[in-house]
Amino acid sequence: MKGFRDILPENIEKWQLLEETAKSIFKSFGYKEIRTPILEKTLTFERGVGDATDIVEKEMYTFLDKSGESVTLRPEGTAGIARAFIENKLETSVFNKLYYIGPMFRYERPQKGRFRQFHQIGAECFGIKNPAIDAEIIFINKLLFERLNIKANLEINNIGCPVCRPAYTKVLIDYFENYKDSLCTDCQKRLYKNPLRILDCKNEKCKIVVKGAPKLKDYVCKNCQEHYNSTKEYLKALNIEYIENDMLVRGLDYYTSFVFEFTNTITLSAGGRYDNLISDLGGGNICGVGFALGEERLIDMMDAKVQNNIDIYIANLSVTFYALQILQILKNFPYSVYCEYSSKSLKSMLKKADKLNTSVSIIIGENEQKSNTCIVRNMKSSNQQTIGVEQLENILKGVFYVT
Ligand code: ATP
Ligand code: MG
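Residues numbered from 1 in each chain as written. Chains lettered and ligands numbered in written order. Predicted model: local features only at pLDDT ≥ 70, side-chain atom pairs only at ≥ 80, totals over all residues. Heavy atoms only, no water.

Asker: What's the story with the domain arrangement of the protein chain in this structure? I'm lost.
Answerer: As a measure of interface size, the accessible area lost when the parts come together is often cited. Taken domain by domain, the protein chain consists of domain 1 (9-164 + 220-301) and domain 2 (312-402). Between the C-alpha centres of domain 1 and domain 2 there is a distance of 47 Å. (Domains from an automatic or database assignment.)

Asker: Explain the sheet that holds strand β14 (residues 360-364) here, please?
Answerer: The strands making up a sheet associate through backbone hydrogen bonding, with each pair oriented either parallel or antiparallel. Spatial ordering of the open sheet is given by β13-β12-β14-β15-β16, a layout of 5 strands whose pairing is mixed. Each edge of the open sheet is held by one strand with a lone partner, namely β13 (337-339) and β16 (384-388). Averaged over all neighbouring strand pairs, the angle between strand axes comes to 25°, with direction disregarded. Note: strand β12 (residues 312-316) against β13, 3 bridges, orientation parallel. Bridge pairing in β13 links isoleucine 314 to cysteine 339. Docked against the sheet, helix α12 (residues 320-330) engages β12, β13, β14 and β15 (373-378), running at close to 160° with respect to β12. (Pairing = 2+ DSSP bridges. Helix = DSSP H or I, 4+ residues; strand = E, 2+ residues; numbered from the N terminus. Axes fitted to C-alpha atoms, helices over the stretch in contact; angles between N-to-C directions. Contact = heavy atoms within 4.5 Å.)

Asker: Where do I start with the environment of alanine 270 in this structure?
Answerer: Secondary-structure assignment places alanine 270 in strand β10 (residues 266-273). By relative accessible area, which is 7% here, alanine 270 ends up buried. Here the alpha-carbon distance between alanine 270 and isoleucine 156, two residues 114 residues apart in the chain, equals 9.7 Å. Ignoring sequence-local partners within four residues, the contact set of alanine 270 consists of Arg250, Tyr255, Phe260, Glu261, Phe291 and Ala292. (Buried < 20%, exposed > 50% of the residue type's maximum accessible area, 1.4 Å probe, protein only.)

Asker: Explain the pattern of salt bridges to me, please; I cannot follow it from the model alone.
Answerer: For side chains of opposite charge, pairing can occur when their charged atoms come near one another. Under the definition given, this model contains 24 salt bridges. With a shortest N-O distance of 3.0 Å, glutamate 108 and arginine 114 are connected by a salt bridge. Overall, glutamate 108 belongs to the buried group, its relative accessible area being 14%. For arginine 273, the salt bridge is made with aspartate 134, and the minimal N-O distance between the two is 3.0 Å. (Salt bridge = Lys/Arg side-chain N within 4 Å of Asp/Glu carboxyl O.)

Asker: Even after reading the chapter, I still don't get the site of ligand 1, so can you show me in this structure?
Answerer: Close contacts around ligand 1 come from 16 residues, with Arg106, Glu108, Arg114, Phe115 and Arg250 the closest. One of the backbone nitrogen or oxygen atoms of threonine 267 is found 3.3 Å away from an oxygen atom of ligand 1. Between ligand 1 and leucine 268, the relevant distance is 3.1 Å, taken from an oxygen atom to a main-chain nitrogen or oxygen of the residue. When contributions to the shell around ligand 1 are tallied by element, the ones reaching two or more residues are β6 (117-126), β10 and β11 (288-294). Broken down by element, the residue count for the shell around ligand 1 peaks at 4 residues, all from β10. (Near = heavy atom within 4 Å. Polar contact = N/O pair within 3.5 Å; in protein donor to acceptor, adjacent residues only side chain to side chain.)

Asker: Mind showing me how you'd approach the environment of glutamine 369 here?
Answerer: Considering the arrangement of structural elements, one finds glutamine 369 in helix α14 (residues 366-371). The class for glutamine 369 is partly exposed, based on a relative accessible area of 34%. Sequence-distant contacts of glutamine 369, that is, excluding residues within four places in its chain, are made with Val319 and Tyr322.

Asker: Help me out: how do you make sense of the packing of aromatic side chains in this one?
Answerer: The description of an aromatic ring pair uses the distance of the two centres, along with the angle that the planes make with each other. Taken as a whole and assessed by the stated rule, the structure comprises 21 aromatic pairs. With a centroid separation of 6.2 Å and an interplanar angle of 35°, the aromatic rings of phenylalanine 258 and phenylalanine 260 are classed as tilted. By the burial criterion, phenylalanine 258 is buried, and phenylalanine 260 matches it. Ring pairs connect the aromatic residues Phe85, Phe126, Tyr254, Tyr255 and Tyr274, which therefore count as one cluster. The ring of phenylalanine 115 has arginine 5 lying over it, and the distance from NZ or CZ to the ring centre is 4.1 Å. One residue, arginine 116, lies across the ring of tyrosine 107, its end atom 3.9 Å from the ring centre. (Phe/Tyr/Trp six-rings, centres within 6.5 Å; stacked < 30°, edge-to-face > 60°. Lys NZ or Arg CZ within 6 Å of the ring centre and 35° of its normal.)

Shown next as structure tokens:
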């Protein structure tokens, strides 16, 4: 199906490395995982993400379930987590730093780095006003890129809040009205509904008009300005470099004041503050900040060198009871073991062991079973020796720990 892909075993190591690295970084900052349903009521996204956004207008997988209720495959993580936060009264919980990993769905035109089912890793922090939390979120993002050896530039902007944005929106509409005919059809439609989105339209004609547009930073209120300035100070304290990009707006309506993106030719991750999302969804007056990264885009940039490593291959030459016995012994130790159960020739078994990238093969046939021995073959050097089963532990220690 267009835009949907299988992630196959030969590529899984990168996915696991990415997700395990992210999990360990989140853990090290005291973040707890949250898992919310993939299917939500459509209203959660209409209210949360905003009904004048591209996501809600064009990109959602929405359908009626058998009871006639409109439901949607989640196009992003934050709105569902905010819904869960409200429903489960998480404001009373100490766990207000959360992370998630999972699939998202958007009906977009598939192309490089853009799929209809894609995967995000993200984090959300609720109820913390201090701009230091915005800096912490960026710090986590940056650490993850560093650990994975991925280069990315940080761009930041201040997009104001419901106090200051309406005045700006008004001057922006006034400005764009003068150039209406030069805008693409999408932007002409956006003009009254969501004029901020025109600022990051990719259309070349729109880009020219946008160059002369009034800047939001000249209209932001004192609170937004102070918050933004403090965030920058905290970023400096963490030695995190950034570029201020006053054209940076996000595609989701819930963002307020501080927003950011990490880019390397394309956007790798993005996030910001959403101080009104919880109240827009019917919860209390609780602020939030978060980010999400696209796993597919990061995986594209990761070194291809991550290898699967199965430590030991049991070449079982039709002595399955004995093979199981050896498997059981080996499970007292931390090795990964692939035990063969199909009858193949020794040659093809060793070929398979090579393909599995194993370090050692343990070859057993009738003779070995009778004498309670096995042949241990070092797959790198092709040296092999027959040993008593009781010697296995020591021999393997020699291979795996003394090199
Ligand atoms: P873009 O401008 O690239 O469409 P966006 O503003 O829609 O991004 P967000 O909703 O903020 O993106 O999602 C955060 C990240 O998720 C993006 O930076 C990107 O890495 C990834 N992402 C978004 N949409 C897709 C998609 N259709 N396929 C793959 N990754 C995606
Ligand atoms: Mg998008």
